[in-house]
Amino acid sequence: MAEASEPLVRARDLGLRRGGREVLRGVSLELRAGEVLAVIGPNGAGKTTLLETIAGLRRSDAGTVTARGERLAGLPSFAQTFSFLLDEAELPEEVSVATLIAHARRCSRAPAALADSLSEALGLAPLVTARGRELSRGERRRVALFQALCTTRPVVVLDEPLGVFDPRQQRDILRLLKQQAAWGRALLLSVHQMTDAEKLADRCLLLAEGRALACGTLDELRALSGLPGASLEAVFLALLDKATHAAA
């Protein structure tokens, strides 16, 4: 991870209610250029909602999001900072992959070298004549990752980017995402499998019932849980149990 003196993005005390239920409760985080921050937690923890709120796709009821020290307000200001990939991103059924790639390159104004390297890393060349409806789930996700990563925006937000890939494909995607961070991108992503988060993330935010239990490197989280050398899954369960007992 590239070190930076100041966070690129800060979220402070984010709160959100939906259908009379509090789905985010005072969540804060910081994200630096060159860093991969993974949001992990059980189903229903609020991971997707948190990512959508930070990226400006949902309006929070409380709290602020700032980028480079400036408070973001309104979708245009968020759009200058964040590129976003939805968990179940759908491609137009009748549009060819070649057209989707060309559109992403044109609209993003990303350097040709970046677009070319992404296309090669994601193995898109064999897919260019196919239409969206002809692609497998994994192929659709590779095209969607190209669209999200082919950008000049400094922060890429990915909601569950790894779940559709087999182990070999996942290895290649992990390598690609690490490379993007090494080039100075900031990546904020939700990850369902904690072993994947261990391989990819510089830091993890542990989320449960809309609350941030802890945030830090794996070693920092191990220290908080009192489990030196433990897996991220064991650390998360220990911190979750600790929070549950404290609330009881």
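Below is a summary of the structure that appears in this document. Residue numbers restart at each chain and count upward from 1, following the sequence in its written direction. In keeping with the model being predicted, local features are shown solely for residues with a pLDDT of at least 70 and side-chain atom pairs are shown and tallied solely at 80 or more, while totals for entire chains, interfaces and linings include all residues. To obtain the side-chain values, all non-hydrogen atoms of the structure were used and water was disregarded.

Before going further, it helps to spend a moment on the overall build of the protein. Helical segments are the DSSP runs of H or I of at least four residues, strand segments are the runs of E of at least two, and each set is numbered from the N terminus. In terms of regular secondary structure, the protein is built from 9 helices and 10 strands. The quantity called the radius of gyration is restricted to C-alpha atoms. Its globule counterpart is 2.2 Å times the number of residues to the power 0.38. In terms of overall size, the protein behaves like a compact globule, its C-alpha atoms giving a radius of gyration of 18 Å where 248 residues would be expected to give roughly 18 Å. Overall size of the protein, expressed as C-alpha extent along the three principal axes, is 55 × 40 × 40 Å. The proportion of buried residues among the 248 residues of the protein is 48%. Residue pairs in contact within the protein that sit at least 24 positions apart in sequence constitute 68% of those at least 6 positions apart. Categorising residues by exposure relies on relative accessible area from a 1.4 Å probe, with only protein chains included: less than 20% of the type maximum marks a residue as buried, more than 50% marks it as exposed, and the intermediate range marks it as partly exposed. The contact criterion used throughout is that any non-hydrogen atoms of two residues lie within 4.5 Å.

Glancing now at the packing of helix H3 (residues 97–108) against helix H5 (residues 137–149). Between N-to-C directions, angles cover 0 to 180 degrees, with each direction set by a line fitted to C-alpha atoms, over the stretch in contact for helices. Where H3 meets H5, the axes come as close as 9 Å, and the angle between the chain directions of the two elements is 15 degrees. The pairing of H3 with H5 is recorded here as roughly parallel in orientation. Remark: the crossing between H3 and H5 carries right-handed chirality. Across the interface between the two elements, Val97, Leu100, Ile101, Ala104 and Arg105 from H3 touch Val143, Phe146 and Gln147 from H5. Of the residues belonging to the contact of H3 with H5, the class tally is 6 nonpolar, 1 polar and 1 charged. Note that the term roughly parallel is reserved for angles under 35 degrees, roughly antiparallel for angles over 145, roughly perpendicular for angles of 65 to 115, and oblique for everything else. Put simply, a crossing is left-handed when the front helix is turned counterclockwise from the back one by less than a right angle, and right-handed when it is turned clockwise. Three categories are distinguished: nonpolar for Ala, Val, Leu, Ile, Met, Phe, Trp, Tyr, Cys and Pro, charged for Asp, Glu, Lys and Arg, and polar for the others, with Gly belonging to the last.

Here we take up the packing of H5 against helix H6 (residues 167–182). H6 packs onto H5 with a crossing angle of 0 degrees between their chain directions and a minimal axis gap of 13 Å. In terms of axis orientation, H5 runs roughly parallel to H6. Residues Arg142, Leu145 and Leu149 of H5 form the contact with H6, whose own contacting residues are Gln169, Ile173, Leu176, Leu177 and Gln180. Along the lines of polarity and charge, the residues of the contact of H5 with H6 split into 5 nonpolar, 2 polar and 1 charged.

Sheet strands line up and pair through hydrogen bonds in the backbone, either parallel or antiparallel. Spatial ordering of the open sheet is given by S2-S1-S4-S5, a layout of 4 strands whose pairing is antiparallel. In this open sheet, the two edge strands, each paired with only one partner strand, are strand S2 (21–31) and strand S5 (70–71). Strand pairing requires that DSSP identify at least two bridges connecting the strands. Here strand S1 (residues 9–18) pairs with strand S4 (residues 62–67) via 5 bridges, running antiparallel. Counterpart to Ala11 in the pairing with S4 is Val65.

Looking now at the nonpolar core. Nonpolar cores are built from buried Ala, Val, Leu, Ile, Met, Phe, Trp, Tyr and Cys residues. Side-chain atoms within 4.5 Å join them into one set. Judged by nonpolar contacts, the single largest core of 51 residues is most densely connected at Ile40, Phe146, Leu158, Leu177, Cys204 and Leu221. If one sorts the elements of this core by residue count, H5 sits on top with 6 residues. Filtering out sequence-adjacent residues up to four positions away, Leu177 remains in contact with Leu149, Leu158, Leu162, Leu187 and Leu200. If you look at the next biggest cluster of nonpolar residues, it comprises 29 residues, including Leu14, Phe84, Val157 and Leu205.

Let's shift gears to helix H4 (residues 112–121). What H4 keeps buried is the set Leu114, Ala115, Leu118 and Ser119. The arc that holds every buried residue of H4, seen down its axis, measures 130 degrees, which confines them to one face. Projecting away from the buried face of H4 at angles above 90 degrees are the exposed residues Ala113 and Glu120. Backbone geometry just downstream of H4 places Gly123 in the positive-phi region, at approximately 65 degrees. In this description, one arc is meant: the one made by directions from the helix axis to the C-beta atoms.

A word on the packing of aromatic side chains. Ring pairs shown here join Phe, Tyr and Trp side chains whose ring centres sit within 6.5 Å, with only the six-membered ring taken for Trp; geometry is labelled stacked below 30 degrees between planes, edge-to-face above 60, and tilted in between. Scanning the entire structure with this criterion turns up 1 aromatic pair. Seen in terms of ring centroids, Phe78 and Phe82 are 6.3 Å apart; in terms of plane orientation they differ by 25 degrees. Their pairing is stacked. The exposure class assigned to Phe78 is buried, which follows from its relative accessible area of 9%.

As a further point, take unusual backbone geometry. Unusually for a residue other than glycine, Arg68 sits at a positive phi of about 55 degrees. With respect to the helices and strands, the residue Arg68 is situated in the loop between S4 and S5. Accessibility expressed as a relative area gives 58% for Arg68, which makes it exposed.

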